[in-house]
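# Architecture and fold: a report
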Amino acid sequence: MARCRRITFESPSSSESDSESGFSSPSSPSATPPAPPAAPVEKSAPSTEPLKDGKRKRTSSNSDNDNKTNASKRPRSQTMDVSKGNEEPSYPEHIQDPGETYLSGVQQGKKRKRESSDNDNDNPTKGSKRSQSGKMDVSKDNEEPDYPEHAQGPGETHLSGVQQVVITAIHATDLTLGLRRIPSGFHVVVNADGAKCQTSNKTVHIDQAVVEWNDRILFVYASFELGPMLGHGELLRTFEISVGELLDRSEKSNPMIFQPKQQEVASPCTSLLMTVERRLSAENDAAVLCPLTTLTSSDVDALILRTNAGHGLLARYRRTQNSSDLDQCINHFERASDLCPMDHPCRPAALFNLATAKLVSCQADRRYLDLDIPITLFEEALDLRPIGHPDRTVTQLHLAISLLSRFAQRGFQTDADAAKGLLGKVVDVCHAKSHIHRAALLAIETSALHPYGNIDANDVGQERPAASMLPLSPNQLAHLAEQYEVISLHYDALGYYNTMHAYRGQLLNNLGVMLGTRFGRRGNDEDLDRAIALHREALALCPVGHTDRSSSLNNLANRLSTRFSHRGNDGDLDEGIALHREALALCPVGHTDRSKSLNNLAVELSTRFSHRGNDGDLDEGIALHREALALCPVGHTDRSMGNDGDLDEGIALHREALALRPVGHTDRSGSLNNLANELSTRFSHRGNDGDLDEGIALEREALALCPVGHTDRSKSLNNLANELSTRFSHRGNDGDLDEGIALHREALALCPVGHTDRSKSLNNLANRLSTRFSHRGNDGDLDEGIALHREALALRPVGHTDRSSSLNNLANRLSTRFSHRGNDGDLDEGIALHREALALRPVGHTDRSSSLNNLANQLSTRFDQRRNREDLDESRENLCCALTLLTQHDPRQLNLHLSLADVHLSFHHSRLDSISPGEDPDSLTVSMHHLKAAANVVSAGLRPRLGASLRWIHCASQYSHCTELEAYATSMQFLDAFMSATASVSSRHSAMKEFPRTLAVDAASCALRSGDVYRAVELLEQGRTLIWTQMARLRTPLDSLETHGDHAVALMKKFRDLSSLLDKPPASNPEGTAKVSVEAEAARYRRLVEEWNRAVEEIRKIEGFSRFLLPPLFSDLQDAARDGPIIVLVASKSSCDAIIVPHSQPPTSIKLPTSFEKLQTLVVKLQRTGEPALKKALMELWDDVVRPVVDNLGGFAQRGSRIWWCPTSVFNSLPLHAAGAYRPGEPLLSYLYISSYTPSLAALIKARKSYDRSLPVPFAAIGQNLPAGHSVPLDGVEPELDLVRSLIPPPPTVSFTKITSDDATKSRALRALRDNTWLHFACHGTQNYKEPFKSAFLMRDQPLSLFDITQMDLSRHEFVFLSACDTAVGDRSMPDEAIHLAAGLQFAGVQSVVGTLWKVNDSTVEHLVKAFYRNLCGDGKMNSKRTARALHRAVQSLASDKSIPLEQRILFIHIGI
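Small disclaimer: the values here were computed from a predicted structure and weren't measured.

### Description of the overall build of the chain
Within the chain, the secondary structure is distributed over 48 helices and 29 strands. The proportion of buried residues among the 1457 residues of the chain is 58%. If you take every contact in the chain between residues at least 6 apart in sequence, the share linking residues at least 24 apart comes to 73%. As displayed, the chain has an accessible area near 56200 Å², and 51% of this comes from carbon and sulfur atoms.

Have a look at this one:
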């Protein structure tokens, strides 16, 4: 009976690894192969390529699923299987018991012709019984073996006697080509009638092309171990062959040639040659195959079945990505491990198999937190494979890979260190040519080049280098260039195929993709150019109609896009777009790859729009992105890619993408960063503070997800630092600048010499240091910044995409140093660098306008130094050209207008008659036009616009230009808006110090010089007491709106609600509060301000409310003078003036015979002790200020009537009410008029509002004689309060409350202030000059501060007497803000306040209090309008008491009605 043998060729990997062929290289072809073996090529699967600015393009390729090979039992046939652990599941029916390994029987039948089958499942020829004959078929999926010379006709082979057919040698070539796992060895299994024999397990090195078995064959199963083996591994080749054909091939030395499997390009074992002999059955030879006689049991059988099934399912999962296969695989391996108790020899192998499958599962499902499980399993397997164990090194390798995977996700340095140690041991032990040794070297190399990052099995194109060391899916073989040796494998395989071979195109495509990816890693231009050439050749092999043309078009387009990004060649960009269009045309509606093709074309069009500014490209790109998004509904795996169209929709999509990556998701930090980038872009475009603050908050969260050691920490540090820098430029907060520099330093430390991102990090830190130099003037910052820029430029040689940026930055810093030190060499070098940078930014380049601006500025500077007219002409031309390149809303317009203003001022200075055609011949007017235009660039943001307007003021004032007053008005409008967005009164006070403190008085002085007195008063009201004005706006009553319908009522409620929220003090932030929390609160406040502004705009649309909360007109302000004229005193460096504002007559301005400097000297004189010096100073005050006013008051106020002083600037520090001649027979002001003060006209108008009140009048007297921190009591406090009680009317006119001693705490005083409309304070008072809102009345426990008072509504309060020191002394550095206790009470709503200018004596208080209250309410009536007259008379009564010094008689003042 003829017998056929089933020969199974298996490769037991020395690891249970899923390591890809990056850990294996192709064998070199044999020196004289019998026939060209199949080349190792594998089609590339669709992948995601990383793109610039966080966008990702799809790299399409063909990834087909392998068809399963179904084998049936063949009781009377022999088959040969070539296997290696990554193929089809081996089902239980194929696990046969060991049997005879030699063929014996009488060969009597006919030799039959080989039959072919087109069965998709590649079922071997089925079961007919073949007596007298045998047939051997070689089958692999749908492929037929290449045996053209063996197509024989029917015939018979007669053997005399009973003979044996003995296999004496087997030769196999190219066993490692296309392998996806690290092989430890290979063996051949021959099955004949249920008997199985197997060769020895031979290791194969990288450079070994041929493997030969000619020793005595041992009967052991192949597996992924060299130690006790478990299972047979993965099936590589299965075929059947008749004995006759086997003998014929042996005699002719004609090997079987294998083509790659369907859907694969590279596959292992390209040829097989078996040498056989015929022998008599009686003969005996040592080389004869012997039966396998290993002892079996039911447990062992089950263990093998489970293991083999697991390997097969894992292999199929890698092809199909069917998660159920992976789940079943894990189940089989878990059952197998259960069958191996602690002392079982196969336990390490079972644990290893389970660890491998678990690791793949963690990657597939992105469950990186579960990486602890496979790591633990690998560690246990390693413990069971001690030093000397043949599988110890491979276990160490895969444990290291797993640790690196965990390190990539969690950033634990201990994992990285442990992995490094394990890899070092593998390299030390393994043969230098072994696959394990090379895998370890690759892991070490990759981890050194790219120490962090991760890619999982379903995310194949992302730039995450650590993935090169992770077990990957088969489709990743062609996409991860981190698997460096795969490139050499493909180059070797390319030599096997001629131009017309069907697989050459796929191989070219794969190799091109990998070279492109390696270019992205290493930046070698040769890789990129070679990749493009390969893709072009691959496309030529895919003519119109070819199924792979779309993929090839897409891949070539993507490589061209990469080269455009690298070199800026427009031809590459245009060709890429054309190729993407053709690829899209090949993906009609319904095609599975249409969304990817839409996305790719849209991204390229967006790139071209950014490069050239063609609106058509932008619109088409948005339309394509919309269509692509529609093809990715909610839940689609590609939806979170965040395709972006216009800014708003792009941000909305990024928000959706972020929502799909909740806390704990491995890609959350990437989504946070993407959304932050989009918000930053929108902020740059529109200047919305909310976008900036939210972006910073998102970047902080992203940084928190990248702890020390994380791969993306450097980028995250850099992103946050850049955003903080932007906010500093926008708002000027020093903390943002310093924190940004600290973050950039940390980022630079993570990019040592040789790091690919070092130049960027150098550049960023240098820029921030330069900013700080400009802000603070520290020479060290400037010099360090220049040194860093030089190093960055050296890392960006000619051809580098970022060279122009480095040239530009270094040039700018050299220019700064020239301005600082005057070294001509710096200026000339800077101009040369700017010219080189401009040459690298041709027409269409997005940064060309910036480069033109920078060069123009330096040329203008050189003109100022050397007066070369050509420099100035070129400067102006460049600036005009740059301006035309910007869109309407580009914020960079502001700087260009400022630069043009400077250039035209230079023309004006130099009197050069060289104005461009069509321009105003007056260079000065043109300059002012550009300054005004700069201030009106809305997208630039409030702070830069305010800076531009202040520059406008400076220039217009310097040249006395007619636009000066308009510049002042613009600046004050911006300052008011800027202050409204500041969250607290204290922060507003700090912000005010950053701007000119005399802005309002300078504006009024300008208006007076132009003869516009009305405008002068309006500007003073608009630009002074800004802090109080902001507070007053939030407390504006709107009762009159109720009569204007439901919409008005709703607006009124909205306005009140928002005002209430804004009026609340911001939450206190104790030291240590996270910056993100502080910034979130500030951002919340600004959003409320925006909503409040919108509500105000809506209210202004209602009839009668058109000027709601707008700066008041003079006609409105004049009502403040209802009870007497108001004298507004204006002190600026240009002039000192007085404006008399009557109630119904036009205002009168008076130029005072003094100056700003003389007034400052007078303030100092008034601080001297001694009555003679004080009188002399008061006389000077009379002569220079008060007397000129009195001389003009006759037409507005009768003698003995009331007048109000509204001082500004330095006048706030002068006791105007006490001025006089102090000479016999000459008047004092107090003899002529009753003086009161008001910080502003609006405050006085507000105080005049009356409310109905009923008796009794609630009056509280609050005294504290021994406050916290004081040891000496104020003895006069108790007697003073008792005196007040005795002088005011009794009930029912007054309800009196006295609070003193231990009861006079802060909380009790606040309640009394809230519940009583008349109050008298007798205590210590303090003025905090550094933080004036901390000025306070000192209580028993805590101070009652001015800030506490500002939070109260005192709009119904009538009177407060402040018997305390320094209650009417403001911040001398910002006098126009009138920040003191007395003014604070009036702004809070109190009608009349009596305060003190300096320290007061107890004896003075006693005399004055007695006289004051007798004059105020001696007739039993309580009327706060009497306050000023009562104080006036009380002070006059003190004059007769010579024991009271002059400085004590004049220290009390009245503020209010």
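From this point, the discussion proceeds with the structure in view.
### Points about the pairing of strand 16 (residues 1126-1131)
Every regular strand shows the same layout, with side chains that alternate between the two sheet faces. Most of strand 16 sits out of view: six of its six residues are buried. The side-chain alternation of strand 16 yields two buried faces, one formed by Ile1126, Val1128 and Val1130 and the other by Ile1127, Leu1129 and Ala1131. One ladder, built from six bridges, connects strand 16 with strand 17 (residues 1136-1141); its direction is antiparallel. Its bridge partner lying in strand 17, isoleucine 1126 is registered against valine 1141. As consecutive antiparallel partners, strand 16 and strand 17 are separated by four residues. In this sheet, strand 19 (residues 1202-1207) lies alongside strand 16 in parallel orientation, the contact comprising four bridges. Pairing of isoleucine 1126 across the sheet is with tryptophan 1204, part of strand 19.

### Section: the packing of helix 25 (residues 848-866) against helix 27 (residues 893-910)
Between helix 25 and helix 27, whose axes approach to 10 Å, the crossing angle comes to 25°. In terms of their interaxial angle, helix 25 and helix 27 are classed as roughly parallel. Handedness of the helix 25/helix 27 crossing: left-handed. In contact with Asn853, Asn857, Ser860, Phe863 and Asp864 of helix 25, helix 27 contributes Asn895, Leu896, Ser899, Val903, Ser906 and Ser910. Residue classes in the contact of helix 25 with helix 27 are distributed as three nonpolar, seven polar and one charged.

### A short note on the confidence of the model for the chain
Atomic detail in the predicted coordinates should be set aside for any region of low pLDDT. Here the chain averages 75 in pLDDT, while 70% of its residues score no lower than 70. Within the chain, the lowest mean pLDDT, 28, falls on strand 7 (residues 138-139), and the highest, 96, falls on strand 17. The low-confidence segment residues 1-162 (pLDDT under 50) makes 631 contacts with residues lying over four places distant or belonging to another chain. Across residues 281-295 the pLDDT falls below 50, and counting only partners more than four positions away or on other chains, this stretch makes 41 contacts in the model.

### Details of the sheet that holds strand 26 (residues 1343-1345)
If you walk across this open sheet you meet the three strands as 24-25-26, and the pairing is antiparallel. If you trace the sheet from one side to the other, it starts and ends with strand 24 (1325-1326) and strand 26, each paired once. Across three bridges, the pairing between strand 25 (residues 1336-1338) and strand 26 is antiparallel. Its bridge partner being in strand 26, alanine 1336 is matched across the sheet by serine 1345.

Rules of the game
- Residues numbered from 1 in each chain as written.
- Predicted model: local features only at pLDDT ≥ 70, side-chain atom pairs only at ≥ 80, totals over all residues.
- Heavy atoms only, no water.
- Helix = DSSP H or I, 4+ residues; strand = E, 2+ residues; numbered from the N terminus.
- Buried < 20%, exposed > 50% of the residue type's maximum accessible area, 1.4 Å probe, protein only.
- Contact = heavy atoms within 4.5 Å.
- Areas by Shrake-Rupley, 256 points an atom, 1.4 Å probe, with all protein chains shown as cover.
- Pairing = 2+ DSSP bridges.
- Axes fitted to C-alpha atoms, helices over the stretch in contact; angles between N-to-C directions.
- Parallel < 35°, antiparallel > 145°, perpendicular 65-115°, else oblique.
- Left-handed = near helix turned anticlockwise from the far one by under 90°.
- Nonpolar A, V, L, I, M, F, W, Y, C, P; charged D, E, K, R; others polar.
- pLDDT = per-residue confidence, 0-100.

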